[in-house]
Amino acid sequence: MDRIRILPVLILLGCLAVPSFGLRAEPGEFVPYLSVRQEYSDNIYFDSSDEEESYLTTATGGLIYDHKSERVTAKVDGRVNRLIYWKHDDLNDTEGRAFASIDYLVTERAGIGGSVEYRQDSRKDQDSDDSGLMRDSLGEQEVKKGDLSASYMFSEITRGEISVGYENTTLEDMDQDEEDDTISVSLALTRNISEIWENTTALLNFSYMHYSSDEEQDITYIIYPALSCQDYEADVFQLYAGFSRQATELFSYYFQVGVSYTDSTQEIEYVHRDYDVTFYEDDYSDDTYGTVLISGLDYKGLYTDAGISLSHDVRGGTGTTGTVERTRASINISRRITEDFSLTLATSVSLNTSEREIGSDVDNLTLHFMPGFRYKFSDTWLLTGAYRYTNEDDREADETSERNLFYFTIRKEFEL
């Protein structure tokens, strides 16, 4: 089974690497690497009541290719992970990731780019990339996504960009499956307005997202074994504007605000698993308006980099069968102690909410706190480590889950 699941990663990695070999005459570098990560978690299922602890060893083999020239920037990154639990060896698995991106400067004014990614993972205590919701109940995850973009400099002070993306995510558990599809289009326009406000750029953004989610779950309807089938579709429009400003050589900040509109439909039916008879069905449609906020403050010093951000928007809620309104605040700090040794701190608070006529409402407050370090003790050896505390308060279910996780990773790169 492991070989079957990891095969798409290897195939995609090979396909993605092909274009890069044609660029070998230009500046580029292949970097194979091996790493071992050792961690301890006191709640590997991220369960609110039945906490299970375990040590986990993750062995990783990967290859990175970086290419930078006057007109082309490209990257290929592929890896295969082997997860070995010291307890609960039924969770042992092989997973991986393959990613490739390229940006090409067609002319001095115009550029195009794109990226593709394929990823498999099976850890139940991971958080979603988009919403920050912890994936505590659904197991196997498979992600496929790609995007294309184009940019154009209309003048020395005005630039426009358009991007189109697609993402497919499937989640599988013993009695519950979910498949999410996202189609997105975004437009961005920037203009330097330093003649009005020194070191300032005006920002205007419009985005459209079509999000669909299909979930099937085994249930008991009255006394009959049934299959609950939920379908959710939403069209999300977001328009927001603001500015970014380089206040000093060290400080910069940005602020954008706008509105969002969501038009959604939900359908549900209960089907007898043995006789394919529908016991119950219902549907519901709704449209809502909301706000969009994107803001932050960045500091880039000689030894210290720091960033503070606050945002609010609408996005896909993988694992919730629908979209969510996400409010998020985060702080990230990196402090370089020596040339090779640095300390890091990453902390965030995310609130995900959604009211559903069909299915359970979403009201989750999630806290992450992670201090760590990074030590490069030679050109090819790297040691990293961190402690990560996670607390999720499911206020709809009145349940709180928390986890303490410690890890160390040692990585060896090889020269070709």
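In this text, all values refer to a predicted model and were calculated from it rather than measured experimentally.

Got a minute to help me understand the overall build of the chain in this structure?
Each helix and strand in the chain was counted, giving 1 helix and 18 strands. Put simply, the chain has 416 residues, and 38% of those count as buried. Contacts in the chain between residues far apart in sequence, at least 24 positions, make up 57% of those at least 6 positions apart. For the chain, the exposed surface amounts to about 22,800 Å²; the carbon and sulfur share of it is 54%.

Quick question: what am I supposed to make of the pairing of strand β11 (residues 251-272) here?
Here is the key point about a regular strand: its side chains alternate between the two faces of the sheet. Inspection of the sheet shows strand β10 (residues 224-246) paired to β11 by 21 bridges, in the antiparallel sense. Its bridge partner being in β11, tyrosine 232 is matched across the sheet by glutamine 266. The antiparallel hairpin formed by β10 and β11 contains 4 residues in its connecting segment. Judged from the 21 bridges that link them, β11 and strand β12 (residues 278-300) form a sheet pairing that is antiparallel. Along β12, the bridge assignment pairs glutamate 267 with aspartate 283. Taken together, β11 and the strand that follows it, β12, pair antiparallel across an intervening segment of 5 residues, in which aspartate 276 is found at a positive phi of about 55°.

Mind showing me how you'd approach a negative patch on the surface here?
The grouping of Glu172, Asp175, Asp177, Glu179, Asp214, Glu216, Asp231, Glu233, Glu267, Glu281, Asp282 and Asp283 at the surface amounts to a negative patch. Listed by contribution, the elements that provide at least two residues to the negative patch are β8 (176-192), β9 (200-221), β10 and β12. Mapped onto the fold, glutamate 233 is located in strand β10.

I would appreciate a short explanation of the nonpolar core in the present structure.
Note that soluble globular proteins tend to have their nonpolar side chains buried in a common cluster. With 6 residues, the main nonpolar core is built from Met209, Tyr211, Tyr232, Ala234, Val236 and Val314. For this core, the elements supplying multiple residues, two or more each, are β9 and β10. By residue number, the principal contributor to this core is β10, which donates 3 residues. Once residues lying within four places of it in the same chain are set aside, the contact partners of alanine 234 are Met209, His210, Tyr211, Thr262, Asp263, Ser264 and Thr323.

Just to check I follow, could you spell out the environment of valine 76 for this structure?
Examined against the element boundaries, valine 76 turns out to sit in strand β3 (residues 72-85). Put simply, valine 76 and phenylalanine 99 are 23 residues apart on the chain and 5.8 Å apart in space, counted from C-alpha to C-alpha.

Calculation criteria
- Residues numbered from 1 in each chain as written.
- Predicted model: local features only at pLDDT ≥ 70, side-chain atom pairs only at ≥ 80, totals over all residues.
- Heavy atoms only, no water.
- Helix = DSSP H or I, 4+ residues; strand = E, 2+ residues; numbered from the N terminus.
- Buried < 20%, exposed > 50% of the residue type's maximum accessible area, 1.4 Å probe, protein only.
- Contact = heavy atoms within 4.5 Å.
- Areas by Shrake-Rupley, 256 points an atom, 1.4 Å probe, with all protein chains shown as cover.
- Pairing = 2+ DSSP bridges.
- Patch = residues over 30% accessible without salt bridge, like charges linked within 9 Å, V, L, I, M, F, W, Y side chains within 5 Å.
- Salt bridge = Lys/Arg side-chain N within 4 Å of Asp/Glu carboxyl O.
- Lys, Arg positive; Asp, Glu negative; His and termini not counted.
- Charge placed at Lys NZ, Arg CZ, Asp CG, Glu CD.
- Core = buried A, V, L, I, M, F, W, Y, C linked by side-chain atoms within 4.5 Å.

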